[in-house]
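Spelled out from the first residue to the last, the chains are:
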Amino acid sequence: MSWDGEVETEVKRLTLAQERRVLRMVEVLRDPINMQQITHVKESIQAGQIEDAKALWSEFTDEEQQALWVAPSKGGILTTREREALHHKRKTAA
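Because the structure is predicted, anything quoted here is derived from the model rather than measured. What you see as residue numbers is a count from 1 along each chain, following the sequence as written. Only residues with pLDDT of 70 or above have their local features reported here, since the model is predicted, and side-chain atom pairs are shown and tallied only from 80 upward, although totals for entire chains, interfaces and linings are computed over all residues. Only hydrogens and water are set aside; all other atoms, that is, all heavy atoms of the structure, feed into the side-chain values.

S.K.: Honestly, the overall build of the protein in this entry has me stumped. Any pointers?
M.R.: For the protein, the count of helices and strands is five helices and zero strands. Here a strand is any run of E in DSSP of at least two residues, a helix any run of H or I of at least four, and the numbering for each starts at the N terminus. The helix and strand sequence of the protein, counted from the amino end, reads α-α-α-α-α. For the exposure calls, accessible area comes from a 1.4 Å probe over protein chains only, and a residue counts as buried if that area is under 20% of its type's maximum, exposed if over 50%, partly exposed in between. The burial tally for the protein puts 28% of its 94 residues in the buried class. Taking all contacts inside the protein whose residues are at least 6 apart in sequence as the whole, residues at least 24 apart take part in 54%. What sets the accessible areas is the Shrake-Rupley method with a 1.4 Å probe; for residues, cover comes only from the shown protein chains. Summed over all atoms, the accessible surface of the protein reaches about 7,400 Å², with 52% contributed by carbon and sulfur. Throughout, a contact is declared for two residues whenever any of their heavy atoms are within 4.5 Å.

What follows is the structure, encoded as structure tokens:
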């Protein structure tokens, strides 16, 4: 079996604040309803249904959204592409 990707050998250390943030994210995701919800958000984005994903995302409380908004490089559940899709503001008609 061959591997086409690069193996990252650098170990990234988190600060205490970053560790707390990841732990809070995990705490939110331990709720099966939240885990199912984030799965639906990710599936909607993958299917190109960005408005549906945003609607699902808005069902999380502000506190839950903040806990889930962890950078992928810091162990977050959302990829950069998914975060961009959720964060991108809708263009308004002129």
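Now that the structure has been shown, we can carry on.
S.K.: Looking at this structure, I do not really get the packing of aromatic side chains. What am I missing?
M.R.: Each pair of aromatic rings is reported with the distance of its centres and the angle of its planes. Side-chain rings of Phe, Tyr and Trp (the six-membered ring for Trp) are treated as a pair once their centres are within 6.5 Å; stacked means planes under 30 degrees apart, edge-to-face means over 60, and tilted covers the remaining angles. According to the stated counting rule, one finds two aromatic pairs in the structure shown. Both rings, one in tryptophan 57 and one in phenylalanine 60, keep their centres 5.5 Å apart while their planes meet at 65 degrees; by these two values the pair is edge-to-face. An identical accessibility class is assigned to tryptophan 57 and phenylalanine 60; each is buried. Taken together, the ring pairs in this structure connect Trp57, Phe60 and Trp69 into an aromatic cluster.

S.K.: Just to check I follow, could you spell out the nonpolar core for this structure?
M.R.: Grouped burial of nonpolar side chains is what soluble globular proteins tend to show. Take the buried residues of types Ala, Val, Leu, Ile, Met, Phe, Trp, Tyr and Cys, join any two whose side-chain atoms come within 4.5 Å, and each joined set is a nonpolar core. Residues Ile38, Val41, Trp57, Leu68 and Leu86 are the most contacted members of the largest nonpolar core, which totals 17 residues. For this core, the elements supplying multiple residues, two or more each, are α1 (16-29), α2 (32-46), α3 (50-58), α4 (62-68) and α5 (80-87). Here the element with the most residues in this core is α1; it accounts for four residues. Apart from residues lying up to four places away in sequence, leucine 68 is in contact with Met25, Val28, Leu29, Ile38, Trp57, Phe60, Ile77 and Leu78.

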